[in-house]
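Tertiary structure, described
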Amino acid sequence: MKEKIVNLLSSNIDELDNDQVRELLEQPPKPELGDYAFPCFRLAKVMRKAPQMIAAEISEKIEKPDFVERIEVQGAYINFFLAKDMFAKEVITKSINDDFGSFEIGKDKTICIDYSSPNVAKNFHVGHLRTTVIGNSLYKIFSKLGYNVERINHLGDWGTQFGKLIVAYKNWGNEEAVKEKGIEELMRLYVLFHDEADKDSSLEDEARAWFHKMEIGDEEALKIWKWFFDISLEEFKRTYKLMNMEFDHFTGESFYRDMTDDVVKELEEHGLLTESDGAKIVDLSEYDMAPCLILKNDGSSIYATRDIAAVEYRKKTYNFSKCLYVTGQEQKLHFSQVFKVMELLGNEWAKDSLIHIPYGLVSLGGEKLSTRGGNVIYAEDILKEAISKIKEIIDEKNPDLSAEEKEEAAKIVGVGSVIFNDLYNQRIKDVSFKWEHITSFEGETGPYVQYTYARCSSILRNIEGFKPSTDIDYSVLSDASSVDLLKEIDRFPNVILEAADRYEPSVVARYAVDLAQAFNRFYTENRIAVDDENIRNTRCTVTYITRRILKDSLDLLGIGCVERM
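Definitions and cut-offs
Residues numbered from 1 in each chain as written. Predicted model: local features only at pLDDT ≥ 70, side-chain atom pairs only at ≥ 80, totals over all residues. Heavy atoms only, no water. Helix = DSSP H or I, 4+ residues; strand = E, 2+ residues; numbered from the N terminus. Buried < 20%, exposed > 50% of the residue type's maximum accessible area, 1.4 Å probe, protein only. Contact = heavy atoms within 4.5 Å. 1 Å grid on protein atoms, 1.4 Å probe; cavity = no way out; pocket = protein on both sides within 12 Å on 5 of 7 lines; lining within 4 Å. Points joined across faces, edges and corners; volume = space filled by probe spheres on them. Nonpolar A, V, L, I, M, F, W, Y, C, P; charged D, E, K, R; others polar. Pairing = 2+ DSSP bridges. Axes fitted to C-alpha atoms, helices over the stretch in contact; angles between N-to-C directions. Arc of directions from axis to C-beta. Salt bridge = Lys/Arg side-chain N within 4 Å of Asp/Glu carboxyl O. pLDDT = per-residue confidence, 0-100. Phe/Tyr/Trp six-rings, centres within 6.5 Å; stacked < 30°, edge-to-face > 60°.

What follows concerns the overall build of the protein. Across its full length, the protein carries 22 helices and 13 strands. For the protein, the C-alpha atoms occupy an extent of roughly 80 × 65 × 40 Å along the three principal directions. Taken across its 565 residues, the protein has 55% of its residues classed as buried. Across the protein, the fraction of contacts at a sequence separation of at least 24, relative to all contacts at a separation of at least 6, is 73%.

Another aspect to go through is empty space enclosed by the protein. Enumeration according to the criterion identifies 2 cavities of 30 Å³ or more in this entry. Counted as a void, the largest cavity has a volume near 70 Å³. Surrounding the largest cavity, N123, F124, I183, E235, F236, R238, T239, Y378 and E380 form its lining. With 4 residues, helix α11 (residues 219-242) is the largest single contributor of residues to the lining of the largest cavity. When its residues are assigned to classes, the lining of the largest cavity shows 4 nonpolar, 2 polar and 3 charged. The space that makes up the second largest cavity amounts to roughly 40 Å³. The wall of the second largest cavity is formed by V120, A121, K122, Q161, F162, L165 and Y190.

Moving on, we come to the sheet that holds strand β8 (residues 292-295). The strand order across the open sheet formed by 3 strands is β6-β7-β8, and the pairing between neighbours is antiparallel. Because the sheet does not close on itself, it has two edges, and the strands there are β6 (273-276) and β8. Within this sheet the neighbouring strands show an average axis-to-axis angle of 45°, counted without direction. Relative to strand β7 (residues 279-282), β6 runs antiparallel, the two sharing 4 bridges. In the strand pairing of β7, T274 is matched with I281.

Here the focus is the sheet that holds strand β2 (residues 68-74). Strands sit in the order β1-β3-β2 across an open sheet of 3 strands; the sheet is antiparallel. Pairing within the sheet leaves two strands with one partner each, and these edge strands are β1 (36-39) and β2. Pairs of neighbouring strands in the sheet enclose a mean axial angle of 20°, with direction left out of account. With 6 bridges joining them, β2 and strand β3 (residues 77-82) adopt antiparallel strand pairing.

Where burial is concerned, most of strand β9 (residues 322-328) is hidden: 6 out of the 7 residues are buried. Relative to β9, strand β4 (residues 110-114) runs parallel, the two being bridged by 4 bridges. Residue pairing across strands places D114 opposite Y325, the latter belonging to β9. With 6 bridges connecting them, β9 and strand β10 (residues 354-359) associate as parallel partners. Each residue of the ladder has a partner; that of T327, found in β10, is P358.

Another aspect to go through is the environment of D98. With respect to the helices and strands, D98 occurs in the loop between α5 (84-95) and β4. For the pair D98 and Y139, spaced 41 residues apart in the sequence, the C-alpha separation amounts to 20 Å. Here D98 is in contact with Y544 and R548, once residues within four sequence places are set aside.

Because each turn of an α-helix spans 3.6 residues, side chains separated by three or four positions in sequence point in the same direction. Listed in full, the buried residues belonging to helix α4 (residues 51-61) are P51, I54, A55, I58 and S59. The buried residues of α4 all sit within an arc of 130° when viewed along its axis, so they share a single face. The exposed residues of α4 that point more than 90 degrees off its buried face are E60 and K61. On its buried side, α4 packs onto α1 (2-10), α3 (43-47), β2 and β3.

Right, let's get into the pattern of salt bridges. By the definition in use, this model includes 37 salt bridges. With its nearest N and O atoms 3.4 Å apart, the salt bridge here joins K351 to E348. Exposure remark for E348: the relative accessible area of 55% places this residue in the exposed category. The salt bridge involving D395 is made with K406; its shortest N-O contact spans 3.2 Å.

Time to look at the confidence of the model for the protein. Taken as a whole, the protein shows an average pLDDT of 93; of its residues, 98% reach a score of 70 or greater. Confidence drops under pLDDT 50 across residues 369-374; counting only partners more than four residues distant or on other chains, this segment forms 20 contacts.

The next subject is the packing of aromatic side chains. The description of an aromatic ring pair uses the distance of the two centres, along with the angle that the planes make with each other. A full pass over the atoms with the stated rule returns 28 aromatic pairs. Pairing F100 with F492 gives two aromatic rings, centres 6.2 Å apart and planes at 40°, and the pair type is tilted. Taken together, the positions of F100 in the loop between α5 and β4 and F492 in helix α20 (residues 480-502) put the pair 392 residues apart, joining distant regions of the chain. With respect to burial, F100 and F492 carry one shared label: buried. Their ring planes at 90° and their centres at 5.4 Å tell us that F124 and Y240 sit as a pair that is edge-to-face. Placement of F124 in the loop between β4 and α6 (128-144) and of Y240 in helix α11 is noted, with a sequence separation of 116 residues between them.

Take a look at the structure:
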């Protein structure tokens, strides 16, 4: 309906195109000001007239269509009042279908998303949640648009840090402790290495030597490394299972280590490699960037080398239309360098296909997390704590649920509360964990949206014989709260498009809250379980549609729903 008004206006305003009209069109704060309003201030300079006069002139030119009840001019605004029953019929007729919000934009196209990517032999801490939940949501969003999405977990499983860990294990560790405590023991050794290296710098040289052994295929070095890798992946997968997340590929840095020689050779053939203090670099000063280090002075590769190899492998294997990298904003320079090197190798597609999606930091009580310093909170512990807190609330609010139902609801809502807290924020902003907000069933939270879904389910369960239908009395939906809810329902497809265009899951999260709030106002102001069959079926149909879109919205965020709470 909004698009119809945009077209109506643009056909009567020569000075603005559809996009400009769409940008200006507003939804008034009060229903008495209309359903949509068009301000004429911007036209004043072009038309050299007062905005009020322009509004009156445009209004007179418009031939009122049947979907508009009336058009009024108030000052510099042209206010449109929709024919409520026609609006309701249009929205319900299209939104009642299960494929509402689905697209085929990405048909026969592939998107690779590189996300999560924790470092092997280091715990999966709360800071890793951001890349994981953002990447998973983008996977869901682009899948909704019809793309084939390859979910890639580019594990940090190669590099000098493993040389450090091997040195620490040989000096201060033992097999029994690692088998018993897993990553916890590996983390202890990693922190201990840095403490000792501050006193004895030769340990850094030993670490570099052990990593060089890994690079040249030393049997002992690779055996220890593989042991640490297996321990880590087992623990990572346990956390992913708790969040109900999967990946198509666990291809970390080590997967590309045998491809780095070809990268070096290709760079040499293109005349891009130069030597600097014994190391090999690509000089990017012409592009106002620091040099991209390709080989260290001992001949070892670095993560930039492996990232270049990964891009080439992914393009060859998946022929992606886009490859997205969901990492912290502190890696902006790194990816700018890698993407520029790909361009310099003659890959024109790199300019538009390689996209870094940065995000802000995660803190607990405002304190930045640091692996090296040992100030670490396990993601698994955060999720389990959320589940525990939600279970306490459910026990209090609904003691009649069975123990099994409480456990299942607490898990879905608890994990969902943590994910929603992250995704509700714009990804570039820093996120702080505050339990009193995360687990609240009121306000702009995951539990609030999930509770609204459960409320819709409860309403529909208690209405015997209801079947959703378009054969309803649309005049029932002419009150302000009904119209507001229908407007929110109508927005859903555009919300998905906007979220994809901006790589911004918060667009969906905020929409989910808006939809839940609109439904709860509708529910408060309109009795649903009434004797009048026409009214009951009409309001139940709106409830049915709202329930499904709430579920779809939460699914796009990687969050589940519960029928009872």
